[in-house]
Amino acid sequence: MSVIIKLENLSRVFSTDEIETHALQNINLEIKQGEYVSISGPSGCGKSTLLSILGLLDGCSGGSYHLNGKDVTNLDTKKRAEIRNKEIGFIFQSFNLISDLSVFENVELPLTYRGDLNKQQRKERVESALTRVDLSHRMHHFPSQLSGGQQQRVAVARAVVSQPAILLADEPTGNLDSKNAEQVMSLLDALHREGATICMVTHDPAGAERAQRAISIFDGKIVEANQPAVSNSIAKQPEPELV
Ligand SMILES: Nc1ncnc2c1ncn2[C@@H]1O[C@H](COP(=O)(O)OP(=O)(O)OP(=O)(O)O)[C@@H](O)[C@H]1O
Ligand SMILES: [Mg+2]
């Protein structure tokens, strides 16, 4: 399987007036196509910083980052946004939908930015992504008219609509009750079974267990990266009904 993400000796230092925070130190990480990786660790250990760098929302202070074989360590903001839009699907804890765009328009946005698809092609892609998350019947609603679980599923549709190389999720169920959280987790499981490469930050040990590989971070360093046996819990999870 090809390597989608390769970090070598990556570091990130935040400098403010009084202090330097070494948020990430000497991170070496490889994620291969089709893998499902979880990242856990205590608050402030660097999980979101790592995910932001993987998602090209932030740059690093040292080391290197190769995405799909391409060196993306030192790109300017414009080039970074362009690659992010094509290669990365990001799911945030707080959904981050645009409130004055409809569900359809929110999901269409990454395709609109790309500019290489015509209106009909975009429509087909958006409808298929919304069908995938069982929300095609809510296409013309606005985010405020949806439940939290539904909003997060729209965010999943927006993340997959570009058919990105990797899906990154930062505490995707952190703002959801247990039933809605289970629906979103099942959706990620299903996308993984269909071939998606996923890297998910989670506080929840049960969530981490659903991934094939669990990585723990402490104080900006990877302290544990285990690769459990193939028998993961995905196959045993019942599919909850989506509403
Ligand atoms: N923009 C910033 N400027 C300065 N320091 C920052 C910045 N972003 C993060 N940090 C610091 O970097 C460290 C790692 O933060 P990060 O948000 O990655 O933690 P986290 O593991 O995601 O925590 P949580 O579980 O609470 O979300 C923290 O000490 C934080 O204060
Ligand atoms: Mg965080």
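Given the structure is predicted, the values throughout are model-derived calculations rather than measurements.

Caption draft 1: Broad picture of the packing of aromatic side chains. This structure, assessed with the given rule, holds one aromatic pair. Ring geometry for Phe-90 versus Phe-92: centroids 4.5 Å apart, planes at 20°, classification stacked. Taking relative accessible area as the criterion, Phe-92 reaches 25% and is therefore assigned partly exposed.

Caption draft 2: Spatial organisation of helix H1 (residues 47-54). Of all eight residues in H1, six are buried, a share of seventy percent or more. What H1 keeps buried is the set Lys-47, Thr-49, Leu-50, Leu-51, Ile-53 and Leu-54. Once H1 ends, the next one or two residues include Leu-56, with phi positive near 60°.

Caption draft 3: Structural detail: the site of ligand 1. In the neighbourhood of ligand 1, the contacting residues comprise Phe-14, Thr-21, Ala-23, Pro-42, Ser-43, Gly-44, Cys-45, Gly-46, Lys-47, Ser-48, Thr-49 and His-203. Burial of ligand 1 by the protein chains amounts to 60% of its free accessible area of 630 Å². Looking at the shell around ligand 1, the elements that each hand over two or more residues are strand S2 (20-32) and H1. Looking at the shell around ligand 1 residue by residue, the classes come out as four nonpolar, seven polar and one charged.

Caption draft 4: Spotlight on the pattern of salt bridges. Within this structure, the stated rule accounts for eleven salt bridges. One salt bridge in this structure joins Arg-114 and Asp-116, with 3.1 Å as the shortest N-O distance. On the basis of relative accessible area, Arg-114 is assigned to the partly exposed category, the value being 22%. A cluster of three or more residues bridged by salt bridges with shared partners is formed by Lys-6, Glu-30 and Lys-32.

Procedures and definitions
Residues numbered from 1 in each chain as written. Chains lettered and ligands numbered in written order. Predicted model: local features only at pLDDT ≥ 70, side-chain atom pairs only at ≥ 80, totals over all residues. Heavy atoms only, no water. Phe/Tyr/Trp six-rings, centres within 6.5 Å; stacked < 30°, edge-to-face > 60°. Buried < 20%, exposed > 50% of the residue type's maximum accessible area, 1.4 Å probe, protein only. Helix = DSSP H or I, 4+ residues; strand = E, 2+ residues; numbered from the N terminus. Near = heavy atom within 4 Å. Areas by Shrake-Rupley, 256 points an atom, 1.4 Å probe, with all protein chains shown as cover. Nonpolar A, V, L, I, M, F, W, Y, C, P; charged D, E, K, R; others polar. Salt bridge = Lys/Arg side-chain N within 4 Å of Asp/Glu carboxyl O.

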